[in-house]
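Here is how the chains run, residue by residue.
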There are 2 protein chains.
Amino acid sequence: MGHIYIGIDLGGTNIKFGVFDKDLNIISKSSIDANVDTGAEIMINRIGDYIEKIVVDNKYSMKDVKAIGMGSTGQFNLTEGIMYSCPNMPLFKNVPMKKMLSNRTSKPCVIENDANTACYGEYACGAGQGSDNMVFFTLGTGVGGGIIYNGHLVHGTDDSGGELGHIIIHPGGRLCGCGQRGCIEAYASASSTARRATEAVIACEPSSLKKLLDENGRITCKDVFVHAEKGDKLASKIADETARDLAIGCITMRHVTEPHKFVFAGGMIAAGQPLLNAIKKHFADMIWSMKKEDVEICFAQLGENAGIVGAAALARDIK
Amino acid sequence: MGHIYIGIDLGGTNIKFGVFDKDLNIISKSSIDANVDTGAEIMINRIGDYIEKIVVDNKYSMKDVKAIGMGSTGQFNLTEGIMYSCPNMPLFKNVPMKKMLSNRTSKPCVIENDANTACYGEYACGAGQGSDNMVFFTLGTGVGGGIIYNGHLVHGTDDSGGELGHIIIHPGGRLCGCGQRGCIEAYASASSTARRATEAVIACEPSSLKKLLDENGRITCKDVFVHAEKGDKLASKIADETARDLAIGCITMRHVTEPHKFVFAGGMIAAGQPLLNAIKKHFADMIWSMKKEDVEICFAQLGENAGIVGAAALARDIK
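Just so it is clear, the structure is predicted and the values come from calculations on it, not from any experiment. Within any chain, residue numbers begin from 1 and follow the written order of that chain's sequence. Lettering for chains starts from A, numbering for ligands starts from 1, and both go in the order in which the items are written. Per-residue local features of the predicted model are confined to residues with pLDDT of at least 70, and side-chain atom pairs are confined, for both listing and counting, to 80 or more; whole-chain, interface and lining totals are unaffected and use all residues. With hydrogens and water stripped out, all remaining heavy atoms of the structure feed into the side-chain values.

1. What to know about the overall build of chain A
Thinking step 1. Going along the chain from the N terminus, every DSSP run of H or I of four or more residues is numbered as a helix, and every run of E of two or more is numbered as a strand. Broken down by element type, chain A carries 10 helices and 12 strands.
Thinking step 2. As a reference, a globule follows 2.2 Å times the number of residues to the power 0.38, and the radius of gyration itself is taken over C-alpha atoms. Rg of the C-alpha trace for chain A: 21 Å, near the compact-globule value of 20 Å for 319 residues, within the 12% margin.
Thinking step 3. If you line up chain A on its principal axes, its C-alpha atoms span 60 × 50 × 35 Å.
Thinking step 4. Categorising residues by exposure relies on relative accessible area from a 1.4 Å probe, with only protein chains included: less than 20% of the type maximum marks a residue as buried, more than 50% marks it as exposed, and the intermediate range marks it as partly exposed. Across the 319 residues of chain A, 59% fall into the buried class.
Thinking step 5. Here chain A displays about 13100 Å² of accessible surface, and carbon together with sulfur accounts for 50% of that area.
Thinking step 6. When the 33 basic and 36 acidic side-chain charges of chain A are each reduced to a single mean position, those positions are 1 Å apart. Exposure was quantified through the Shrake-Rupley algorithm and a 1.4 Å probe, taking into account, for residues, occlusion by the shown protein chains and nothing else. We score Asp and Glu as negative and Lys and Arg as positive, and we do not count His or the chain ends. Where a charge lies is defined by one atom per residue type: Lys uses NZ, Arg uses CZ, Asp uses CG and Glu uses CD.

2. Some points on unusual backbone geometry
Residue and element names in this part refer to chain A.
Thinking step 1. Even without a glycine there, the phi angle at Lys 59 is positive, about 65 degrees.
Thinking step 2. By the secondary structure assignment, Lys 59 is in the loop between α1 (40–57) and β4 (65–72).
Thinking step 3. Unlike most non-glycine residues, Asn 150 shows phi in positive territory, near 50 degrees.
Thinking step 4. When you line up the elements, Asn 150 lands in the loop between β9 (143–149) and β10 (152–153).
Thinking step 5. Asn 150 gets classed as exposed once you look at its relative accessible area, which sits at 56%.

3. Quick look at the confidence of the model for chain A
Thinking step 1. As a per-residue quantity, pLDDT reports the predictor's confidence and falls between 0 and 100. For chain A, the average pLDDT comes to 96, and 100% of its residues sit at 70 or higher.
Thinking step 2. Scored as a whole, the predicted complex attains pTM 0.96, and scored at its interfaces, ipTM 0.95.

4. Digging into the sheet that holds strand β3 (residues 26–33) of chain B
Residues and elements named next belong to chain B.
Thinking step 1. The rule for pairing is simple: two strands pair if DSSP sees at least two bridges between them. If you trace the 5 strands from one edge of the open sheet to the other, you get β3-β2-β1-β4-β7, paired in mixed fashion. Looking along the sheet, the strands with just one partner apiece sit at the ends: β3 and β7 (109–113). Across this sheet, the average inter-strand angle for adjacent strands is 15 degrees, counted without regard to direction.
Thinking step 2. Its contacts with the sheet place helix α1 (residues 40–57) against β1 (4–10), β2 (14–20), β3 and β4 (65–72), and it is angled at close to 35 degrees to β2.
Thinking step 3. Lying over the sheet, helix α2 (residues 97–105) contacts β1, β4 and β7, oriented at roughly 150 degrees with respect to β7. Axes, fitted as lines to C-alpha atoms, cover a helix only where it is in contact. Angles between the N-to-C directions of the axes lie from 0 to 180 degrees. We call two residues contacting when some pair of their heavy atoms lies within 4.5 Å.

5. Quick word on the side chain of Ser131(A)
Thinking step 1. Inspection of the secondary structure assignment puts Ser131(A) in the loop between α3 (114–125) and β8 (134–139).
Thinking step 2. Once residues lying within four places of it in the same chain are set aside, the contact partners of Ser131(A) are Tyr123(A), Ile148(A), His260(A) and Lys261(A).

6. Regarding the pattern of salt bridges
Thinking step 1. Should a side-chain nitrogen of Lys or Arg be within 4 Å of a carboxyl oxygen of Asp or Glu, the pair is scored as a salt bridge. Evaluated as defined, the whole model comprises 38 salt bridges over all chains.
Thinking step 2. Note that Lys211(A) is salt-bridged to Glu215(A), the shortest N-O span being 3.4 Å. Of this pair, Lys211(A) and Glu215(A) both sit in helix α6 (residues 209–216), 4 residues apart, roughly one helical turn.
Thinking step 3. For Lys211(A), a relative accessible area of 57% translates into the label exposed.
Thinking step 4. On the basis of relative accessibility, which here comes to 55%, the residue Glu215(A) falls in the exposed class.
Thinking step 5. Residues Asp317(B) and Arg316(B) are paired through a salt bridge, measuring 3.2 Å at the closest nitrogen-oxygen approach.
Thinking step 6. Here Arg316(B) falls in the partly exposed class, since its relative accessible area comes to 32%.
Thinking step 7. Among the ionic contacts, a cluster of salt bridges with common partners joins Asp158(A), Arg254(B), Glu258(B), Lys291(B) and Glu293(B).

7. Let's talk about the interface of chain B and chain A
Thinking step 1. Contacts between the two partners involve 41 residues from chain B, matched on the other side by 41 residues from chain A.
Thinking step 2. Put simply, buried area is how much 1.4 Å-probe accessible surface two parts lose in total, over both of them, once they are put together. Both faces combined, the contact of chain B with chain A buries some 3300 Å², and carbon together with sulfur accounts for 56% of it.
Thinking step 3. Where chain B touches chain A, the interface holds 2 salt bridges.
Thinking step 4. The partner of Lys291(B) in a salt bridge is Asp158(A), with the nearest N and O atoms 3.1 Å apart.
Thinking step 5. Identification of polar contacts relies on pairs of N or O atoms within 3.5 Å, with a donor-acceptor requirement for protein atoms, meaning one able to donate a hydrogen and the other able to accept it, and with residues adjacent in sequence counted only if both atoms are side-chain atoms. In this assembly, chain B and chain A are joined by 34 residue pairs in polar contact (both at pLDDT 80 or more).
Thinking step 6. Contributing elements (two or more residues each) for the side of chain B that touches chain A: β9 (143–149) and α8 (233–254) of chain B.

8. Quick notes on the sheet that holds strand β10 (residues 152–153) of chain B
Residues and elements named next belong to chain B.
Thinking step 1. Taken together, the 5 strands give an open sheet; going across it, the order is β10-β9-β8-β11-β12, and neighbouring strands pair in mixed fashion. Since the sheet does not close on itself, it has two edges, and those belong to β10 and β12 (296–299), each with one partner.
Thinking step 2. As defined by bridge partners, strand β8 (residues 134–139) adjoins β9 across 6 bridges and the pair is classed as antiparallel. Within the sheet, the bridge partner assigned to Phe 136 lies in β9 and is Gly 146.

Here you go:
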């Protein structure tokens, strides 16, 4: 009977692997190039080869592996483990990833989308530990989401629930990549925050960010938060609007699944305590007065390990 | 072993009762005055007496009663069946309703809030039958909500999840009774729809509704939909905005629990097909283009029976 788990985080550029003990402690981690242009069959074989290698490298045998979990970008039928499509991996259409990986490794496998996997990682081993009812936002190029309710991920009817970045908060507002207008993602992702700042600077609003745009040709989300900290008025306004829009997302979710914890992850949380404090302040200012809300808003703890940890946790929980 | 169920719908004015067979067919229904000013003990005793009466009236004995369900206004600890408070019943503070009713009747009892009870009724026997994943909005003075996920009501951490009327759709917008700004309830309840129309008429926007306001001193939500049907431009605009705001609520919930059915209930659905069509149109216009959405938007089927049916269904499902 196996007693270790393999957690895999499949991205468009590289594939991260973790070997975990039964308590989900990381024994080792490493990564290989994704080489997505070789197609699914070759990739799954390489993944199988690599699992065998890291298992042996850590002085185990494949008999010790109980199950394998994989978090991945793309759209899925999660029950069947089929990747319908993935913007970063154009050759992958209706690929039965779970079955292929299970056949290759002779192990029980589970596939989950990347935001849900990271959410589950934080729930199992990170900021959400002990929170059977939590909501997770990951703030990067987009805004990803995950919902834990009664200790399980919320998948929805067709495995695309928990897409919290596409909650509409400003009807008729900014166009989102998804085709809707006014999504949280169109305002409060790292990219959208940078874009809103860039537009304001181009529209000649005075700001210390102008020099950056002139010199580098671009303004990043990090620039916005750094200049906000330094007291630039425009950067402060943009950063505060991002925090407010994230708080609105929290309030909506408060009235839906009523979590007792909100966990924020992704590159943007490098902005640190000022961002977290601003989200909390807007939440407190805008939430109803019907009852005192005893909810925690915090940052994720696992950083870039969330994907492999979550994948291993999902592997552990295979029934 | 009992084989009939009692469903109770407790409102501030009267208390409705239904006697149900094991398949949740209504055997009889009736109601008594709530007389909330007599306090909880007397009310629960009257409810107990009345249950005994209707059971005998229908030629059963109390031995035939398997369980009793009650839906009620107010705020609850649902697990314990304690009513914390209720705006309509000021004497009821921290009342252990479930325990009192169970002690009085010697039957297993369950208590649920009214919107969730109606939602569960529609799920068990009405428009939501067969939809293990549905979202319910009830449109009256306020906007109530209910969520069925994996066949169960979503209660949230502290039994106040599913408050869908308080999703924020217009940040900084109209003040809601709950203390927030921009809630769905502040725009798209029957009362808010009437209020928006009244404000527009007072602000001299031309409308056939003006005559009504002058004559009756008020405009109702029904008036808005009737005049919209007759072609009045302002009434059409107000009715359409209500439908749009409800569609925004549906889109948000699409991205959260991804239901395959949205069910609308409450007095406003008397507006009929034009309202339903407008909600569907706005949903289709505004929803993302990432995938085709195969979701049904429909009206509730149980009318004013939803409360007693839902309460009986909850009684049937007591574990």
